[in-house]
Amino acid sequence: SITEETVELLEPYLDMEDYNLETAKKVCGNVAGLCSWTQAMAYFYSINKEVLPLKANLALQEGRLAAAQMELNSAQNQLDEKQTELDGVQAMYDAAMKEKQALLDDAEVCRRKMNNATALIEGLGGEKLRWTASSKNFQNEIINLVGNVLLATGFLSYSGPFNQEYRNLLLQLWKKEMDNSKIPYSKNLNLTSMLVDNATVGEWNLQGLPNDDLSIQNGIIVTKASRYPLLIDPQGQGKIWIKNKEKNNGLQVTAMNHKFFRSHI
């Protein structure tokens, strides 16, 4: 309730030299308290005069702060809601991207398989003619199998003692008889290719067997015939070949004039 007018009325008293606590104490203790209180109230008014606008401004700013805080809380709530929605959408996006990558990987695998299949089909397409021809040849071989086996059996059983020229003659005579008996056989039959493969012939050559047709036929007769072959071998080529061929099988070599040789008649 102190006003500026009250303070102005008090100023003449407050400016007096003897208006202070020490002087008042000398007169009366109660008066000293009242004197000190009036000085304090005047001083409080001067201070409070400056503080009141600050308090008003503080209250105003606190009101603004409260409003701003409410807006901030509302905005934070909206942000939390949007963040929740964003997290959900992000999860959906991540799942969609994962599914997309899986589909891309599957598509790449399918594309690679398709390319391989296309290349295989194109490659097999080029083999169609050869397979067709091979199938036809197989059918012919099946038809001619009996005659071919008959010729091979006759060769193994009867042509051993003869030279190349007579062997060819025997083969021609047999083919003529088979034609008369209507027994099918391959017109271009090669008995050597039928009875032995190239790898075996190459191994025989490394073991010392000559590479001519007669020597190879002799090797076939030696290895395929059911009876023990008798080799007339003036040059010793057959003996060298047999020794090398059977070296790892513990071949024992003897002669008619060996002291331990026994002949049974």
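Every value quoted in this text rests on a predicted model; they were computed, and no experiment measured them.

Another point: the overall build of the protein chain. Per the secondary structure count, the protein chain includes eight helices and zero strands. For the protein chain, the sequential pattern of α-helices and β-strands runs α-α-α-α-α-α-α-α. Against the compact-globule benchmark of 18 Å for 265 residues, the protein chain has a radius of gyration of 63 Å, which places it well outside the compact range. Based on the C-alpha atoms only, the size of the protein chain along its principal axes is roughly 180 × 55 × 25 Å. Looking at the protein chain as a whole, 16% of its 265 residues are labelled buried. Look at the contacts in the protein chain between residues 6 or more apart in sequence, and 54% of them connect residues 24 or more apart. Carbon together with sulfur atoms contributes 59% to the accessible area of the protein chain, which is approximately 21200 Å² in total. The average position of the 27 basic charges and that of the 32 acidic charges among the side chains of the protein chain differ by 32 Å.

What follows is about unusual backbone geometry. Peptide bonds are mostly trans, and most non-glycine residues show a negative phi. Even without glycine at this site, Lys 182 takes up a positive phi of about 55 degrees. Among the secondary structure elements, Lys 182 is positioned in the loop between helix H4 (164-180) and helix H5 (191-195). Under the relative-accessibility criterion, Lys 182 is labelled exposed at 76%.

The next point concerns the environment of Gln 139. You can see Gln 139 is positioned in helix H3 (residues 29-158). According to the relative accessible area criterion, Gln 139 is partly exposed, its value standing at 47%. For the pair Gln 139 and Ala 119, spaced 20 residues apart in sequence, the C-alpha to C-alpha distance is 29 Å.

This brings us to the nonpolar core. Leu 151, Phe 155, Leu 156, Leu 191, Leu 195, Trp 204 and Ile 220 are the most contacted members of the largest nonpolar core, which totals 18 residues. Sequence-distant contacts of Leu 195, that is, excluding residues within four places in its chain, are made with Ala 152, Phe 155, Leu 156, Ile 220 and Lys 224.

With that out of the way, let us pick up the packing of aromatic side chains. All told, the structure shown has two aromatic pairs when counted by the stated rule. Considering the side-chain rings of Phe 162 and Tyr 166, the 4.6 Å spacing of their centres and the 50 degrees angle between planes classify their relative orientation as tilted. With a relative accessible area of 34%, Phe 162 lands in the partly exposed category. Judged by centre distance (5.6 Å) and plane angle (70 degrees), the rings of Trp 204 and Trp 241 are edge-to-face. One end of the pair, Trp 204, is in helix H6 (residues 198-206); the other, Trp 241, is in helix H8 (residues 237-245), with 37 residues separating them in the sequence. Judged by its relative accessible area of 2%, Trp 241 falls in the buried class.

Bringing the environment of Ser 46 into the picture now. Along the chain, Ser 46 turns up in helix H3. Along the backbone, Ser 46 and Leu 150 are 104 residues apart, and their C-alpha atoms lie at a distance of 144 Å. Polar contacts involving the side chain of Ser 46 include one to the main-chain carbonyl oxygen of Tyr 43, which spans 2.6 Å.

Time to look at the domain arrangement of the protein chain. The domains assigned to the protein chain are domain 1 (4-79) and domain 2 (190-264). Averaged C-alpha coordinates put domain 1 and domain 2 at centres separated by 137 Å.

The next point concerns a negative patch on the surface. A cluster of acidic residues, Glu 5, Glu 8, Glu 11 and Asp 15, forms a negative patch on the protein surface. The residue Glu 5 is located in helix H1 (residues 4-14) in this model. Judged by relative accessible area, Glu 5 falls into the exposed class, the value being 57%.

All right, on to the side chain of Gln 217 then. Mapped onto the elements, Gln 217 comes out in helix H7 (residues 213-224). Within the local environment of Gln 217, its side chain forms a polar contact with the side chain of Arg 167, the two groups lying 3.1 Å apart.

Considering the arrangement of structural elements, one finds Val 7 in helix H1. Owing to a relative accessible area of 11%, Val 7 belongs among the buried residues under this scheme. Residues Val 7 and Tyr 43, spaced 36 residues apart in sequence, show a C-alpha to C-alpha distance of 9.2 Å.

Rules of the game
Residues numbered from 1 in each chain as written. Predicted model: local features only at pLDDT ≥ 70, side-chain atom pairs only at ≥ 80, totals over all residues. Heavy atoms only, no water. Helix = DSSP H or I, 4+ residues; strand = E, 2+ residues; numbered from the N terminus. Rg over C-alpha atoms; globule rule 2.2 N^0.38 Å. Buried < 20%, exposed > 50% of the residue type's maximum accessible area, 1.4 Å probe, protein only. Contact = heavy atoms within 4.5 Å. Areas by Shrake-Rupley, 256 points an atom, 1.4 Å probe, with all protein chains shown as cover. Lys, Arg positive; Asp, Glu negative; His and termini not counted. Charge placed at Lys NZ, Arg CZ, Asp CG, Glu CD. Core = buried A, V, L, I, M, F, W, Y, C linked by side-chain atoms within 4.5 Å. Phe/Tyr/Trp six-rings, centres within 6.5 Å; stacked < 30°, edge-to-face > 60°. Polar contact = N/O pair within 3.5 Å; in protein donor to acceptor, adjacent residues only side chain to side chain. Domains from an automatic or database assignment. Patch = residues over 30% accessible without salt bridge, like charges linked within 9 Å, V, L, I, M, F, W, Y side chains within 5 Å. Salt bridge = Lys/Arg side-chain N within 4 Å of Asp/Glu carboxyl O.

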